[in-house]
Amino acid sequence: MNHFPIFVSLAGARVLLSGGGEPALAKLRLLLKTPAAITVFATDPAPEIEGWAEAGNLALRRRAPEAADFTGVTLAYAAEEDAAQAARTAALGRAAGVLVNVVDNLDASAFITPAIVDRAPVTIAIGTEGAAPVLARALKADIESRLPAALGPLARIGKAFRALADALPHGRPRRDFWSDYYGPEGARAFAERGESGAQAALQDLLARHMDQAARPGHVAFVGAGPGDPDLLTLKARRALDTADVVIHDRLVTPTILDLARREALMINVGKEGFGPSTSQDRINALLIEHARTGAQVVRLKSGDSTVFGRLDEEIDACDAAGVAWHIVPGITAASAAVAAIGQSLTRRGRNASVRFLTGHDVAGFADHDWAALARPGEVAAIYMGKKAARFVQGRLLMHGADRATPVTVIENASRPDQRVLSSTLATLPADLTSAAMTGPALTFLGLAPRAAAQALPALHKELA
Ligand code: SAH
């Protein structure tokens, strides 16, 4: 960003413009919308400029500007069609410490005039730093067509109401009030009953939002499931429908995020395996900060928030701050992954228990009861297990696990790009490397996809 956008107050300011042709006229048409005291220097001014001078809208000097003319000037435009003259004006202005725009000369200009959408007091400035004036014009046309024509008067009426709206608490209640007014409500009231309609709408909205502001904030810890939006619970859907703020992890898919209330503030606090992340303290602080404004906060975690989700730290933070919360359970990755391979997490005669393990924890690769896990028939669902595959393999073999123990890795369970890798303890690290998985993956120790598992006895039979 070479050019920093600012809005300069021209009330009581002096603006100097040199030039009397078409480029000068273009700038003057804009400048005349401001309260600036404008002085035009032109030896041969266009008739419009003479007209404006006669009407007292600007002062006209029929000569080139001199150094003394720049005293007390806020902005200057070198709008001469002759480049040498423009350069002379620009040099005088610069010497006097005045910001000078040289028309059609980006490099020589201390500031540039953006494309402007004017719904005063709402003004939208679009700049491309000279890179794409056509794009700026296209954007301007697009924005022009989208903004209601009444935006100007609505903003003026709104501005006069600001002091009354300050009765609402800071933050979300006040923001919501204004976004309702500048949303459909204000425009509709103005269209139907003009200025008094808009004023009445403001009064009604204020009363309604004062009631709402009395409502305390709340945090819902919602499990978003493994990625398929159809695997969201109805409670999760409802929580997303009514959320003011959604604070979500990286693993929550865009299709699910799209289901959140359109006006909800979406905050990504994604944690990336070993990569960059928002600190847990920051996440806790965000929950409290938003809940304290009265917001209905949805803390959206992938799968089930009670599984490897650092949920307790966030609950503790809510409790410490006196913020109310509840948990909406979700479908954990292990449930989706085991469904993908047509197996059961537990099976009579095979395994009467199943363990949910994490491949790594804060200290690095996580330690477990390897001797127990190495026993035949054990089933474990390993979360965050890709990087730890070689470590897990080494520990299990060291504790006497069978090298032929089936291991299955399910990547992107329940999503369109789901992949199943059927492996064994002996070949797991090599198989994972060649599969080059980039999505979230769940590793099952002791489970093979049903079809492969059923083929095994047949294979044995053949070998026998
Ligand atoms: N709370 C989540 C787990 C968060 S830990 C849950 O209950 O599922 C993140 C790990 O979950 C990932 O590293 C991966 O092992 C697993 N995971 C999450 N979504 C997954 C998916 N769609 N497919 C496979 N594994 C997934």
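Bear in mind the structure is a predicted one, so any value in this text is a computation, not a measurement.

### Brief notes about unusual backbone geometry
The omega angle of the peptide bond from Ala 120 to Pro 121 is 10°, so this bond is cis rather than trans. By the secondary structure assignment, Pro 121 is in the loop between β6 (115-119) and β7 (122-126). At Glu 129, a position not held by glycine, the phi torsion is positive, near 55°. Residue position: Glu 129 is located in the loop between β7 and α4 (133-146). Residue class for Glu 129 comes out partly exposed when judged on its relative accessible area of 28%. For Arg 310, which is not glycine, the phi dihedral falls at a positive 50°. Position of Arg 310 among the secondary structure elements: in the loop between β11 (296-301) and α10 (311-321). By relative accessible area, Arg 310 is classed as partly exposed at 37%.

### Focus: the site of the ligand
Surveying the vicinity of the ligand reveals 18 residues, the closest of which are Pro 226, Val 307, Thr 332, Ala 413 and Ala 441. The side chain of Thr 332 places a nitrogen or oxygen atom 2.6 Å from an oxygen atom of the ligand. The protein chains hide 92% of the 540 Å² of surface that the ligand would expose on its own. Residue composition of the shell around the ligand, by class: 12 nonpolar, 4 polar and 2 charged. A domain split of the shell around the ligand shows at least three residues from each of domain 3 (218-331) and domain 4 (334-463).

### What about a nonpolar patch on the surface?
On the surface, a cluster of nonpolar side chains totalling about 520 Å² of accessible area is made up of Met 1, Phe 4, Ile 6 and Val 8. Mapped onto the elements, Ile 6 comes out in the segment before β1 (14-18). Look at Ile 6 and you get exposed, because its relative accessible area is 56%.

### Quick word on the packing of aromatic side chains
Across all of its chains, the model carries 11 aromatic pairs by this definition. With a centroid separation of 5.1 Å and 65° between ring planes, the pair formed by Phe 308 and Tyr 383 is classed as edge-to-face. Linking Phe 308 in the loop between β11 and α10 with Tyr 383 in strand β16 (residues 379-383), this pair joins segments that are 75 residues apart in sequence. Looking at Phe 308, the relative accessible area reads 38%, which means it is partly exposed. Its relative accessible area of 10% is what places Tyr 383 among the buried residues.

### With respect to the UniProt feature "domain: Sirohaem synthase dimerisation" (unreviewed entry) in the protein
As annotated in UniProt, the feature "domain: Sirohaem synthase dimerisation" (unreviewed entry) corresponds to residues 150-206 in the numbering used here. Counting secondary structure, residues 150-206 comes out at 88% helix and 0% strand; the distance between its end C-alpha atoms is 21 Å.

### Details of the side chain of Thr 253
Its location among the elements puts Thr 253 in the loop between β9 (245-248) and α8 (254-257). Thr 253 has contacts with Gly 227 and Arg 415, leaving out every residue within four places of it along the chain.

### Some details on the domain arrangement of the protein
Segmentation of the protein into domains returns domain 1 (14-113), domain 2 (151-212), domain 3 (218-331) and domain 4 (334-463). Opposite the 11 residues of domain 3 that make contact, domain 4 presents 13 residues. Overall, the association of domain 3 and domain 4 removes approximately 980 Å² of surface from exposure, summing both partners, and the carbon and sulfur fraction of that is 75%. Counting every contact that joins domain 3 to domain 4 gives 0 salt bridges. Taken together, domain 3 and domain 4 are joined by 3 residue pairs in polar contact (both at pLDDT 80 or more). The class makeup of the residues in the side of domain 3 that touches domain 4 is 7 nonpolar, 3 polar and 1 charged.

Scoring rules and cut-offs
Residues numbered from 1 in each chain as written. Predicted model: local features only at pLDDT ≥ 70, side-chain atom pairs only at ≥ 80, totals over all residues. Heavy atoms only, no water. Helix = DSSP H or I, 4+ residues; strand = E, 2+ residues; numbered from the N terminus. Buried < 20%, exposed > 50% of the residue type's maximum accessible area, 1.4 Å probe, protein only. Near = heavy atom within 4 Å. Polar contact = N/O pair within 3.5 Å; in protein donor to acceptor, adjacent residues only side chain to side chain. Areas by Shrake-Rupley, 256 points an atom, 1.4 Å probe, with all protein chains shown as cover. Nonpolar A, V, L, I, M, F, W, Y, C, P; charged D, E, K, R; others polar. Domains from an automatic or database assignment. Patch = residues over 30% accessible without salt bridge, like charges linked within 9 Å, V, L, I, M, F, W, Y side chains within 5 Å. Salt bridge = Lys/Arg side-chain N within 4 Å of Asp/Glu carboxyl O. Phe/Tyr/Trp six-rings, centres within 6.5 Å; stacked < 30°, edge-to-face > 60°. UniProt positions renumbered as here; feature names shortened; annotations may be inferred. Contact = heavy atoms within 4.5 Å. Buried area = accessible area lost by both parts, 1.4 Å probe.

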